[in-house]
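Okay, here's what each chain looks like letter by letter:
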Amino acid sequence: MITQNNAKMSEDFIYYLWRFCLSIKTLESVNGEKITVISPGTKNTDSGPDIFNAMILIDNTRWAGNIEFHINSSDWFKHGHHNDKAYDSTILHVVYKADKQVFRSNGSLIPTIEIADKYNPDMFQKYQVFQSSSTWIPCSGMLNQINYFDKILWFERLMAERLEHKALDIFGHLSINKNDLTQVLFQKLSRGFGYKVNADAMEQLASSIKYRVLLKHSNNLFQLEALLYGQAGLLSTLQGEYCSKLFYEYTFLKQKYGLIPMNPESWKFMRMRPANFPTIRISQLANLIYKTSGQLINILDLKQINDISDLLNVSASEYWNNHYRFGKLVSGNKKKTGKTMLNRILINVIIPAIFVYGRMKNTNNSGDTALLWLSQIPPEKNNITKSFEDEGLSAENAGHSQALIELFERYCSKKRCLYCRFGHIIIN
């Protein structure tokens, strides 16, 4: 057994105890009142009391309202809650140490529970180990305690969370682009074609030109390439005949539409496979627009994931069969989008977009479709999934690999172990 002190205690841990341990017991306030929890309430992530809409019995009287957590009860006054009417609906004060009675702004006493001796200190010790850990994840070496059933349950929740976060990002882009889903889809697809190194630059390229301009030229691949390469700042009369023709075509279109090209320094060619050069990816993007006759939005109406993959499977133009950069001849072959890239675009662009598209059309099953399709794609291979695999936690499909990425980015890296199902299992 160990003894905690106020300096080490955290309100997060008090909330954890309230949510999982204290709320299943009959408790007693510091004044001897019997406290029975009917509903522990909902955590508040904004300003105001820590818990909303809790329901408890104080002795035999039912109370509904909010709950506040503090390390010391005197923190109520340090934080000015006694003068804030937003806290008048507080029905219970849960603290590590009750060093002072607390009151609402009208002077009425708030019942207080002191938790210093109401939980197993071994739990707090494990939590402290997590918080002080310097390993890549706080529970490194402990995940063998997780059984398959708990793994799958948590993966399903994490998959849904990641899909929601991606949906929120798309909705954010929609608000900027006047709810033009085609423009946003074009931006997201462009980012997907940019791979990791040039993702930002490709999205900047897509944002630099209205998609309706490209749509007007969607039946002319040469003009599509002229517009995209020109906007990318990659055209010069000194880079060969084909590049010169694109340059002069872009010069006319640039004046016609009042276009402003990007800084060519935005693009990176170093330390990557030539097949991922932005010159190749821009041509493939142009070919996708040409292949769909500009109707990118129709991708979201397809009902089979294989049909979407077939549509996304495009090649760079013939010029790039023996080039990776303008004016530099190399031996080579047709530059097609590979299976790994196709899956990455499905996972990160198409499936979240279909989820959002379904919400916009009030289609109830878009979330189920999204999760089903993720389960049909092989798992991603990256540093995160490989590291979890070394810990004994492997992904069976793309839904699982997305869950692992969500787990690392939003829980492990931020040491939010108290909010993680695996952390909860290990702590208990």
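Values in this document were obtained by computation on a predicted structure and should not be read as measured data.

A. Spatial organisation of the overall build of the chain. When you go through the chain residue by residue, the secondary structure sums to 16 helices and 9 strands. Against the globule reference of 22 Å for 428 residues, the chain gives a C-alpha radius of gyration of 28 Å, more extended than a compact globule. Dimensions along the principal axes, computed over C-alpha positions, put the chain at roughly 90 × 45 × 40 Å. Counting every position in the chain, which comprises 428 residues, the buried fraction comes to 50%. Contacts in the chain between residues at least 24 apart in sequence constitute 61% of all its contacts with a sequence separation of at least 6. Of the roughly 20700 Å² of accessible surface on the chain, a fraction of 49% belongs to carbon and sulfur atoms. Side chains of the chain carry 49 positive and 39 negative charges; the gap between the two charge centres is 7 Å.

B. The arrangement of the environment of Ser293 in detail. With respect to the helices, strands and loops of the structure, Ser293 is situated in the loop between helix 10 (278-291) and helix 11 (305-312). The class of Ser293 is partly exposed, set by a relative accessible area of 47%. Among residues more than four places away in sequence, those in contact with Ser293 are Leu215 and Ser218.

C. Region of the structure containing the layout of surface pockets. Estimated volume of the largest pocket: approximately 1100 Å³. Going through the elements one at a time, helix 4 (148-176), helix 5 (181-193), helix 12 (339-360), helix 14 (383-390) and helix 15 (398-412) are the ones with two or more residues in the lining of the largest pocket. Looking at which element gives the most residues to the lining of the largest pocket, the answer is helix 12, with 7 residues. By volume, the second largest pocket is sized at about 510 Å³. Arg19, Arg157, Glu161, Tyr411 and Tyr419 are the residues nearest the centre of the second largest pocket, which is lined by 21 residues in total. Of all the secondary structure elements, the ones that give two or more residues to the lining of the second largest pocket are helix 1 (11-20), strand 3 (42-43), helix 4, helix 15 and helix 16 (421-427). Take the lining of the second largest pocket: its biggest share by element is 5 residues, from helix 4. Grouping the constituent residues of the lining of the second largest pocket by class yields 9 nonpolar, 4 polar and 8 charged.

D. Inspection of the pattern of salt bridges at higher detail. Inspection of the entire model under this criterion finds 14 salt bridges. Note that Asp75 is salt-bridged to Lys78, the shortest N-O span being 3.9 Å. Of this pair, Asp75 and Lys78 both sit in helix 2 (residues 75-78), 3 residues apart, which is roughly one turn of that helix. Residue Asp75 is classed as buried on the basis of its relative accessible area of 10%. Between Arg421 and Asp150 there is a salt bridge, with its nearest N and O atoms 2.8 Å apart. Highlighted residues: Arg421 in helix 16 and Asp150 in helix 4, separated in sequence by 271 residues. The class of Asp150 is buried, set by a relative accessible area of 13%. Bridged by salt links that share partners, the residues Arg162, Glu406, Glu409 and Arg410 form one connected network.

E. Examining unusual backbone geometry more closely. In the Ramachandran plot, Ser293 falls in the positive-phi region, its phi being about 55° despite a non-glycine side chain. Of note in the backbone geometry, Lys415 takes a positive phi value of approximately 55° without being a glycine. Among the structural elements, Lys415 can be located in the loop between helix 15 and helix 16.

F. Examining empty space enclosed by the protein more closely. Scanning the model with the defined rule gives 4 cavities of 30 Å³ or more in all. What the largest cavity holds in volume is close to 90 Å³. For the largest cavity, the lining is made up of 13 residues, of which Cys139, Cys412, Cys417, Cys420 and Gly423 are closest to its centre. With 3 residues, helix 15 is the largest single contributor of residues to the lining of the largest cavity. Its residues assigned to classes, the lining of the largest cavity shows 11 nonpolar, 1 polar and 1 charged.

Procedures and definitions
- Think of each chain on its own: its residues are numbered from 1, step by step along the sequence as written.
- Where local features are concerned, this predicted model is filtered to residues with pLDDT of at least 70; where side-chain atom pairs are given and counted, the filter is 80 or more; whole-chain, interface and lining totals use all residues.
- Note: side-chain values were computed over all heavy atoms of the structure, leaving out hydrogens and water.
- The helix and strand labels rest on DSSP assignments: H or I over at least four residues marks a helix, E over at least two residues marks a strand, and numbering proceeds from the N terminus.
- All radius of gyration figures rest on C-alpha atoms, and the globule criterion is 2.2 Å times the number of residues raised to 0.38.
- Note on classification: 1.4 Å probe, protein chains only; a residue is buried when its accessible area is under 20% of the maximum for its type, exposed when over 50%, partly exposed between these limits.
- Two residues qualify as a contact provided that any one of their heavy atoms is within 4.5 Å of a heavy atom in the partner residue.
- Values of accessible area rely on a 1.4 Å probe in the Shrake-Rupley scheme; residue burial ignores everything except the protein chains shown.
- Counting rule for charge: Lys and Arg are taken as positive, Asp and Glu as negative, and neither His nor the chain ends is counted.
- For charged residues, the charge sits on one atom: NZ in Lys, CZ in Arg, CG in Asp, CD in Glu.
- Grid points spaced at 1 Å and placed over the protein atoms alone form the basis of the search, with a cavity being a set where a 1.4 Å probe fits but cannot get out and a pocket an open set showing protein on both sides within 12 Å along at least five of seven lines. Lining residues have an atom within 4 Å of a point.
- Grid points are joined across faces, edges and corners, and a volume is the space filled by probe spheres set on the points.
- In this count, Pro and Cys sit with the nonpolar residues alongside Ala, Val, Leu, Ile, Met, Phe, Trp and Tyr, while Asp, Glu, Lys and Arg are called charged and the others, Gly among them, polar.
- By definition, a salt bridge exists where a carboxyl oxygen of Asp or Glu is found within 4 Å of a side-chain nitrogen of Lys or Arg.

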